[in-house]
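Each chain, written out:
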Amino acid sequence: MKYGKRKNICTDTEADNSGCTEENSKQKKRSSSTADTIIQTVYILMFIMGGCFFIGCTAGISFALSVAGFLIYFFGVLIFFSSAAKSIIAKRLLWISRITGLFLMILAYCAPIICINFETQSFMYPVKRFVYVYGVRPAAKDILPVFLSESPEDYYFRTEGSFPAQDYRPYSYLIFHTSEQALAEYESRLSQNSEYTKKTIQPKSDEEYNELVKKYSKEDAYMADCPEELPRHVYNWLVKGAGITDNLNNAVIYGHNSNSDWNPYSGALLNYETGLIVIWR
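Structural notes, computed from the coordinates. (Residues numbered from 1 in each chain as written. Predicted model: local features only at pLDDT ≥ 70, side-chain atom pairs only at ≥ 80, totals over all residues. Heavy atoms only, no water.)

1. Observations regarding unusual backbone geometry
Consideration 1: Unlike most non-glycine residues, F118 shows phi in positive territory, near 60 degrees.
Consideration 2: Within the fold, F118 resides in the loop between helix 4 (88–115) and helix 5 (125–135).
Consideration 3: Positive phi outside glycine occurs at D154, with the angle close to 55 degrees.
Consideration 4: Topologically, D154 is positioned in strand 1 (residues 153–159). (Helix = DSSP H or I, 4+ residues; strand = E, 2+ residues; numbered from the N terminus.)

Here it is, written out as structure tokens:
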């Protein structure tokens, strides 16, 4: 009876007894090399398939996370790869650097996904606020509350990412109904900020309103109800985004002192009659 030649594959126990350590070491290195190839392929594909665009969308967070992830992975492989086959500690540190690096890279792409989604899920507010404030518009932390004091009604929170386009400015729109007490607490904090000035809304006369109705098309007729003191882009998202058509004649507005007709980029509207709060930045 003929027997085939036994392949030189050794287990860890056999390696100790038969001197096959070198062969096992080569096999482990090949396995590790395959893992690194998979990780690198995933990262490259993510970057090619819109990754560059996504990183720019929330650059403040995504760029830092992607760079940190790459450096942790790169130096982990550089330092521990050669000794991982011989040392269990080096092997563990190698895999920790791989997993941590890849996790941070993936997290970098999750930030813009969170930024442009979850507009009506109030439980996502703290996360969306964090992504917008630290990834897109740091100055927004002064006007967007850290937490919502109560369970809000008709909640709508739109956040826009950064995009390389001329005359483009990313905005956030936080809209919801809440209690009079919550409104008063928020106004108390905002009134202490010297960068914002309070003003009341001046209702339009019937003649002014009718002129505006004629000015707009049928589709945009709702804009005739927009108070002159409220930026039109804010009122547009109030109606079209949040679906709210409250009477705003008795509302108050806190506008940033640097606001102008061409640059109404920050403020808040408070309507005690309906419990409505609208914040934009």
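2. Description of the packing of helix 3 (residues 59–80) against helix 5
Consideration 1: Look at helix 3 against helix 5: their axes get within 6 Å of each other, and the N-to-C directions meet at 85 degrees. Looking at the two axes, helix 3 sits roughly perpendicular to helix 5. Judged by residue contacts, A59, G60 and I61 of helix 3 engage F130, V131, Y134 and G135 from helix 5. (Axes fitted to C-alpha atoms, helices over the stretch in contact; angles between N-to-C directions. Parallel < 35°, antiparallel > 145°, perpendicular 65-115°, else oblique. Contact = heavy atoms within 4.5 Å.)

3. Notes on the pattern of salt bridges
Consideration 1: What the rule picks out here adds up to 4 salt bridges.
Consideration 2: Measuring nitrogen to oxygen at the nearest pair gives 3.1 Å for the salt bridge that ties E160 to R158.
Consideration 3: As a salt-bridge pair, K198 and E187 come within 3.3 Å of each other at their nearest N and O atoms. Here K198, found in strand 3 (residues 196–200), pairs with E187, found in helix 6 (residues 180–191); they are 11 residues apart in sequence, far enough to count as distant.
Consideration 4: Classification of K198 as partly exposed rests on a relative accessible area of 46%.
Consideration 5: Assessed through its relative accessible area of 11%, E187 is described here as buried.
Consideration 6: Ionic contacts of the salt-bridge type, sharing partners, join the residues E119, R158 and E160 into one network. (Salt bridge = Lys/Arg side-chain N within 4 Å of Asp/Glu carboxyl O. Buried < 20%, exposed > 50% of the residue type's maximum accessible area, 1.4 Å probe, protein only.)

By themselves, these figures tell us nothing about what the structure is for.
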